[in-house]
Amino acid sequence: MNHIINNQEEKKTPVNFIHQIIDEDIRNKKHNGTVHTRFPPEPNGYLHIGHAKSICLNFGTAQKYNGLCNLRFDDTNPAKEDVEYVDSIREDVHWLGFDWANREYYASDYFEQIYEYAVKLIAKGKAYVCDLTAEEISINRGTPTKAGIESPYRNRTIDENILLFQEMRAGKYKDGEKVLRAKIDMASPNMHMRDPVLYRIIHTDHHRTGNKWCIYPMYDFAHGQSDSIENITHSICTLEFEVHRPLYDWFVKELEIFAPQQIEFARLNLTYTIMSKRKLLQLVQEKLVKGWDDPRMPTICGLRRRGYTPESIRNFAEIIGVAKRDNMIDVALLEHCIREDLNKKAQRVMAVLNPLKVIIDNYPDNKTEDTDAINNPEDETMGKRKVPFGKEIFIEREDFMEDPPKNYYRLSVGKEVRLRYAFYIKCLSVVKNSQGEIVEVHCTYDPETKGGSSIDKRKVQGTIHWVSAKDAVDAEIRLYDRLFTKENPDEAEEGKDFKSYLNPDSLKVINGKLEPFLKTAMAGDKFQFERIGYFCADKDSTTNKLIFNRTLTLKDSWAKEEKKNK
RNA sequence: UGUCCGAUGGUGUAACUGGCAACACAUCUGAUUCUGGAUCAGAAGAGUCUAGGUUCGAAACCUAGUCGGACAACCA
């Protein structure tokens, strides 16, 4: 029985093309049916939602096929890399919910082995030391439509090459003076096969190997070999490496080592978001955001601070699928994923962000009482709490209107609404200041409606949230919105760049009134402020100052309605 | 005037590998509701880039074209 259900479920979930390839490999008993993947970040920046897609794919694939997934740092360029990034990457992958046990590897762990591979290539007459400058090499490489020309150093003897390469390693030469190149084909239609550089000289300390090396392998000469050393069966990467695959395979063949299979998929693009590490770094360095973990950033740490859950991000990665065509996914889908998750989990609470004072004229002057509020209507096990009620309360300014449109359910003079979990109140009058702004609303309450329902079952159209003025807790609320105003900020018009489309309203800081339950909120705690949105306590909070980040608003069909009428 | 890759509703992903396009998001109705949330029911929206071909039958296979992307760091 169980079996049948599982089968049906499997049919329902579409199998992406990578898993189809793996299924086929397993059928053919390739690698004895085992699957071993890796997630290979370069520690030169923080991970973002695009990496999350890759992480979920690599670790998820290993899980699905009962295989393993390594975490491997691709640290072959000491000039750009740093331990700060290593630490953040570790933290983010863990937070997303994946574990690599003791399989934390570094390409730099393999430098000695990779060096030996290079020597082997030289010995086979398949690599040579070249004295051309970077610029000369670039010119000689030709263009995609024009063949390159061979380096004058291409035909050095094997012995000479071995010696020179040893000397490079020994530090005899300055940065840029010599490189080791593969000897392949300067006329290849694939630019990457035109005698690519294998090793370059960089006299810079490496975050792990210190000053042990002054020559470092290039990506192409390190990545595939690292995969091979780790017995990676399926080396999953993004589309731009597709043209590198012939070179990847060439090294494996010439070196006669274990052959992983490189498979490429399309990277994630999100509307109203930039994903380039370089551009994200620019936002941080130019202080256009407050750091890598600014809640507006698409970084994992930014999303975490914004209030996203790992589950929601994993679910998102699952839903968007994996394919080879370029894509631009609507952020609304990401937002749907977090709403769906938080709706099930978030503690409900009442908070007033734009307070308007309401005085209940017929409520006894010094009385206070508790009302019972449900913590999460989606999850009974979360129980109830007490919310204090009194003569003076705050309600949301938007929940009162002097001349409301016909389908306005909320409070206005002469109308009755329900205060959530408390009483029905009816508005009598308003008090205005000299500018004509409403400063107070006077109401009467019906003592027979405690808890929020009346004995006579009379209907009220609206239910609004409130906070007892006397008991309210003040808090700073950071209202975040999308960082860019343009769907694709990378597609800049003439004379503009992505920064021209930064949303000036991506952060608004206000002060709100919260129900006292929130007093003890800890950084990272997530709540639904009823009728407003999802919020989470920020790490900037202190014992005497609470700070909340808005993760996102609730869906608001009234706002939609209002927009339509305009 | 190169090589490689791709093209299915607004967006993304499917289609048991040849049997007349499904799911999710978004959109719009309606029901329901002590959150204008959630939930439930429903609607609209593509005939699969184009042209040929193979076939009883093509989104799928073949050919040509069109459009889009990647590739000319001593970056990854």
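Rules used throughout
- Residues numbered from 1 in each chain as written.
- Chains lettered and ligands numbered in written order.
- Predicted model: local features only at pLDDT ≥ 70, side-chain atom pairs only at ≥ 80, totals over all residues.
- Heavy atoms only, no water.
- Helix = DSSP H or I, 4+ residues; strand = E, 2+ residues; numbered from the N terminus.
- Rg over C-alpha atoms; globule rule 2.2 N^0.38 Å.
- Buried < 20%, exposed > 50% of the residue type's maximum accessible area, 1.4 Å probe, protein only.
- Contact = heavy atoms within 4.5 Å.
- Areas by Shrake-Rupley, 256 points an atom, 1.4 Å probe, with all protein chains shown as cover.
- Lys, Arg positive; Asp, Glu negative; His and termini not counted.
- Charge placed at Lys NZ, Arg CZ, Asp CG, Glu CD.
- 1 Å grid on protein atoms, 1.4 Å probe; cavity = no way out; pocket = protein on both sides within 12 Å on 5 of 7 lines; lining within 4 Å.
- Points joined across faces, edges and corners; volume = space filled by probe spheres on them.
- Nonpolar A, V, L, I, M, F, W, Y, C, P; charged D, E, K, R; others polar.
- Core = buried A, V, L, I, M, F, W, Y, C linked by side-chain atoms within 4.5 Å.
- Domains from an automatic or database assignment.
- Salt bridge = Lys/Arg side-chain N within 4 Å of Asp/Glu carboxyl O.
- Axes fitted to C-alpha atoms, helices over the stretch in contact; angles between N-to-C directions.
- Left-handed = near helix turned anticlockwise from the far one by under 90°.
- Disulfide = S-S within 2.5 Å.
- Buried area = accessible area lost by both parts, 1.4 Å probe.
- Pairing = 2+ DSSP bridges.

Now for the overall build of chain A. Scanning chain A from terminus to terminus reveals 14 helices and 25 strands. Since a compact globule built from 566 residues should have a radius of gyration of about 24 Å, the 31 Å found for chain A marks it as more spread out than a globular shape. In terms of overall dimensions, chain A has a C-alpha envelope of 100 × 65 × 45 Å along the principal axes. Within chain A, the proportion of its 566 residues that are buried is 51%. Looking at chain A alone, contacts between residues at least 24 apart form 71% of all its contacts between residues at least 6 apart. Entry remark: accessible area of chain A is about 27,300 Å², with carbon and sulfur atoms responsible for 49%. Once the 85 positive and 89 negative side-chain charges of chain A are each reduced to a mean point, those two points are 2 Å apart.

Let us look at empty space enclosed by the protein. All told, the structure shown has 1 cavity of 30 Å³ or more when counted by the stated rule. If you go around the largest cavity, the residues you meet are Tyr 219, Asp 220, His 223, Gly 224, His 244, Tyr 248 and Gln 262. A total of 4 residues in the lining of the largest cavity trace back to one element, the largest contributor, which is helix H8 (residues 219-229). A breakdown of the residues in the lining of the largest cavity according to their chemical character gives 2 nonpolar, 4 polar and 1 charged.

Attention now goes to the nonpolar core. The biggest cluster of nonpolar side chains holds 38 residues, and the ones touching the most others in it are Ile 49, Ile 55, Phe 59, Val 93, Leu 270 and Phe 316. Mapped onto this core, the elements with two or more residues apiece are helix H3 (49-64), strand E2 (68-73), helix H4 (83-95), helix H11 (300-306), helix H12 (310-320) and helix H13 (331-345). With 6 residues, H3 is the largest single contributor of residues to this core. Lining this core are residues from two domains, each supplying at least three of them: domain 1 (34-265) and domain 2 (277-347 + 475-565). Residues in contact with Val 93, not counting those within four places in the same chain, are Phe 39, Leu 47, Ile 55, Phe 59, Phe 98 and Trp 100. Listed in part, the 34 residues of the second largest apolar core include Ile 114, Ile 122, Leu 164 and Ala 182.

Turning to the pattern of salt bridges, a few remarks are in order. Once the charged atoms of two side chains with opposite charge are near each other, the side chains can pair. Counting across every chain of the model gives 53 salt bridges. Arg 169 is the partner of Glu 112 in a salt bridge, and the nearest nitrogen-oxygen pair spans 2.9 Å. Of this pair, Glu 112 sits in helix H5 (residues 111-123) while Arg 169 sits in helix H7 (residues 158-170); the two residues are 57 residues apart in sequence, bridging distant segments of the chain. Where Arg 478 meets Asp 538, a salt bridge forms, and the shortest distance between an N and an O atom there is 3.5 Å.

With that out of the way, let us pick up the packing of H8 against helix H9 (residues 245-255). Between H8 and H9, the shortest axis-to-axis distance is 9 Å and the interhelical angle comes to 65 degrees. In this structure, H8 crosses over H9, and the sense of that crossing is right-handed. Two secondary-structure elements touch here, H8 through Asp 220, Phe 221, His 223, Gly 224, Gln 225 and Asp 227 and H9 through Leu 247, Tyr 248, Phe 251 and Leu 255. Residue composition of the contact of H8 with H9, grouped by class: 5 nonpolar, 3 polar and 2 charged.

This next bit is on the state of the cysteines. Overall, the coordinates contain 0 disulfides when judged by the stated rule. Here Cys 214 is not cross-linked by a disulfide; its sulfur's nearest cysteine counterpart is in Cys 130, at 18 Å. Residue class for Cys 214 comes out buried when judged on its relative accessible area of 8%.

A few words now on the domain arrangement of chain A. Domain boundaries assigned for chain A yield domain 1 (34-265), domain 2 (277-347 + 475-565) and domain 3 (351-465). One C-alpha centre belongs to domain 1, the other to domain 2, and the line joining them spans 36 Å. Each partner contributes to the roughly 2,000 Å² buried at the junction of domain 1 and domain 2, and carbon and sulfur atoms together form 70% of this total. Contact with domain 2 buries area across many residues of domain 1, yet Tyr 46, Ile 49 and Trp 95 alone supply 34% of it, more than any other trio. Counting the contacts that link domain 1 with domain 2 gives 4 salt bridges. Between Glu 91 and Arg 304 there is a salt bridge, with the nearest N and O atoms lying 3.5 Å from each other.

An order of E1-E2-E3 is seen for the 3 strands of this open sheet, with the pairing classed as parallel. With partners counted over all chains shown, the strands left at the sheet margins are strand E1 (36-39) and strand E3 (104-106), one partner each. When strand polarity is set aside, the average angle formed by the axes of neighbouring strands in this sheet is 35 degrees. Where E1 and E2 come together, 4 bridges link them in parallel fashion. Considered in E2, the bridge of Arg 38 is made with Asn 70. Strands E1 and E2 of the sheet are contacted by H3, whose axis makes an angle of about 160 degrees with E1.

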